[in-house]
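So you can see what is in the structure, the chains are spelled out below.
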Amino acid sequence: MIKDIQEKILRLKAEKDVCILAHSYMSEEICEVSDFTGDSFALAVRAKSAPQGTVIMCGVRFMAETIKMLAPQKRVILSHPDAGCPMAEQMDKAEIEQLKKLYPDYAVVAYVNTTAQLKSVADVCVTSSSAVKICRAIPQKNILFIPDINLGTYVKNQVPEKNFKLVSGGCPAHAKICKEDAERAKKAHPEALLLVHPECRPEVVELADYVGSTSGITDFAIKSDAREFIIGTENSIVQHLQVSCPDKRFYPLSKDLLCANMKLTTLTDVMRCLEGCGGEEIVLDETLRLQAVKSIDRMIRYGG
Ligand code: 13P
Ligand code: SF4
């Protein structure tokens, strides 16, 4: 049955000249039919160069909006209309404008997990895999990092030569994992390396053997000579890695490390998008797009 749906998706996407992009948190069966699977930085770069006229973004809203900003001539379909990222909604434009007045000599560095409105007042965007590189590379010495305090703390520790101001937002899924969860997992699997996403709390990051984006964690585990790994990011990565490396063992850091929004998109949603009766086409006001895309263009320039 799953195979039949996958075959239909592959046929429709070829007939209709559609590119399917999947964030690494999508299910195995969606990744199998996608043209490209990766972290949020790689998806943005790939979307820009995709030759197809339509892109279905299997992920959350800010990812589809980012693609629309970069490729306004394309039809961009978000795989499930309700798939948002709660962190993206945690601050509004007025708050940032107020902070900019308070700290006029600080560059606003925004995690890409933000709304188009927030991107429009940011100097540059970053993703989890590019944040350290970009914060080092930008000319400004003072950085106001929004909205993820955990990623901001991680970057601040890696870039001690710059001054950081952080705000208190974050990912509800990663931020609920505590030091005790990490200690429990390490005790249960003493031979395993702990690989975590920088959206985790600093006390969890401190216990890790590797810190990186979803693609970073995946690449590290595939290339490593170690045999066992505790995965400190959304649990879909545990399943993907177990499929890619059947001879290694992967354990979730916590059974609660789940992103309800990323879980919304199913294989049949992807098929419905291709049939023209599902998903949501992203429409952005052109003035807003032009303001917001500058911070994304700088992200690709400094992070590429
Ligand atoms: P990546 O930058 O690793 O794709 O992470 C995006 C995200 O939403 C993680 O929770
Ligand atoms: Fe947003 Fe967290 Fe889900 Fe990533 S895992 S999309 S940051 S809520």
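All figures in this text were calculated on a predicted structure; none of them were measured in a lab.

(A) Representation of the site of ligand 2 in the model. Inspection of the region around ligand 2 gives Tyr25, Cys85, Pro86, Met87, Asn113, Cys171, His174, Glu199, Cys259 and Met262 as its neighbouring residues. Grouping the amino acids of the shell around ligand 2 by side-chain chemistry returns seven nonpolar, two polar and one charged.

(B) Expanded view of the sheet that holds strand S10 (residues 210–211). Spatially, four strands are ordered S10-S9-S11-S12 in an open sheet, and the strand pairing comes out parallel. Because the sheet does not close on itself, it has two edges, and the strands there are S10 and strand S12 (249–252). Both strand S11 (residues 228–232) and S12 contribute to a ladder of four bridges, which runs parallel. The residue bridging Ile231 from the neighbouring strand is Pro252, located in S12.

(C) The arrangement of helix H13 (residues 236–244) in detail. Those residues of H13 that sit buried are Ser236, Ile237, Val238, His240 and Leu241. The secondary structure elements touched by the buried residues of H13 are helix H2 (28–33), helix H12 (214–223), S11 and S12.

(D) Representation of the environment of Cys277 in the model. Mapping Cys277 onto the fold places it in the loop between helix H14 (267–275) and strand S13 (280–281). Expressed as a C-alpha distance, the spacing of Cys277 and Lys162, which sit 115 residues apart in the sequence, is 49 Å.

(E) The site of ligand 1, seen in detail. Inspection of the region around ligand 1 gives His23, Tyr25, Asp39, Ser40, Tyr111, Asn113, Ser128, His174, His197, Glu199, Ser213 and Thr214 as its neighbouring residues. His23 places a side-chain nitrogen or oxygen 2.6 Å from an oxygen atom of ligand 1. At 2.9 Å, a side-chain N or O of Glu199 approaches an oxygen atom of ligand 1. Relative to its unbound accessible area of 300 Å², ligand 1 is 96% covered by the protein chains. The residue inventory of the shell around ligand 1, partitioned by class, reads two nonpolar, eight polar and two charged.

(F) Quick look at the packing of H12 against H13. The interhelical angle for the contact between H12 and H13, taken along N-to-C directions, is 30°, at an axis separation of 11 Å. For the element pair H12 / H13, the angle class is roughly parallel. Note on packing geometry: the crossing formed by H12 with H13 is right-handed. Together, Thr214, Ile217, Thr218, Ala221 and Ile222 of H12 and Ile237, Leu241 and Ser244 of H13 make up the contact between the two elements.

(G) Inspection of the pattern of salt bridges at higher detail. Within the structure shown, the criterion is met by 12 salt bridges. The partner of Lys13 in a salt bridge is Asp35, with the nearest N and O atoms 3.1 Å apart. Pair noted here: Lys13 is in helix H1 (residues 2–15) and Asp35 is in the loop between H2 and strand S2 (36–38), with a separation of 22 residues, a long-range link. For Lys13, a relative accessible area of 12% puts it in the buried group. A relative accessible area of 33% places Asp35 in the partly exposed class. One salt bridge connects Arg75 with Glu281, and the closest N-O pair in it is separated by 3.3 Å. Here Arg75 is found in strand S4 (residues 75–78), whereas its partner Glu281 is found in strand S13, with 206 residues between them in sequence. On the accessibility criterion, Arg75 (43% relative accessible area) is partly exposed. Overall, the relative accessible area of 36% leaves Glu281 in the partly exposed class.

(H) Structural view of the sheet that holds strand S8 (residues 163–166). Pairing in this open sheet of four strands is parallel, and the strands run S6-S5-S7-S8 from one edge to the other. Strands at the two margins of the open sheet, each flanked by one partner only, are strand S6 (124–126) and S8. Here the strands of the sheet are splayed against their neighbours by 30° on average, with no regard to which way each runs. Bridging between strand S5 (residues 107–111) and strand S7 (residues 142–146) involves four bridges; their strand directions are parallel. Each bridged residue has a counterpart across the sheet, and for Ala110 the counterpart in S7 is Ile146.

(I) Fine view of the packing of aromatic side chains. Enumeration over the complete set of coordinates arrives at three aromatic pairs. Judged by centre distance (4.6 Å) and plane angle (20°), the ring pair of Tyr210 and Phe220 falls under stacked. Residue Tyr210 is located in strand S10, and its partner Phe220 is located in helix H12; the two are separated by 10 residues in the primary sequence. Among the residues examined, Phe220 registers a relative accessible area of 27% and is labelled partly exposed. With 5.2 Å between their ring centres and 15° between their planes, Phe229 and Phe250 make a pair best called stacked. In this pair, Phe229 sits in strand S11 while Phe250 sits in strand S12, placing the two residues 21 residues apart along the sequence. In terms of burial, Phe229 and Phe250 fall into one category: buried.

The rules we used
- Residues numbered from 1 in each chain as written.
- Chains lettered and ligands numbered in written order.
- Predicted model: local features only at pLDDT ≥ 70, side-chain atom pairs only at ≥ 80, totals over all residues.
- Heavy atoms only, no water.
- Near = heavy atom within 4 Å.
- Nonpolar A, V, L, I, M, F, W, Y, C, P; charged D, E, K, R; others polar.
- Pairing = 2+ DSSP bridges.
- Helix = DSSP H or I, 4+ residues; strand = E, 2+ residues; numbered from the N terminus.
- Buried < 20%, exposed > 50% of the residue type's maximum accessible area, 1.4 Å probe, protein only.
- Contact = heavy atoms within 4.5 Å.
- Polar contact = N/O pair within 3.5 Å; in protein donor to acceptor, adjacent residues only side chain to side chain.
- Areas by Shrake-Rupley, 256 points an atom, 1.4 Å probe, with all protein chains shown as cover.
- Axes fitted to C-alpha atoms, helices over the stretch in contact; angles between N-to-C directions.
- Parallel < 35°, antiparallel > 145°, perpendicular 65-115°, else oblique.
- Left-handed = near helix turned anticlockwise from the far one by under 90°.
- Salt bridge = Lys/Arg side-chain N within 4 Å of Asp/Glu carboxyl O.
- Phe/Tyr/Trp six-rings, centres within 6.5 Å; stacked < 30°, edge-to-face > 60°.

By themselves these figures say nothing about function.
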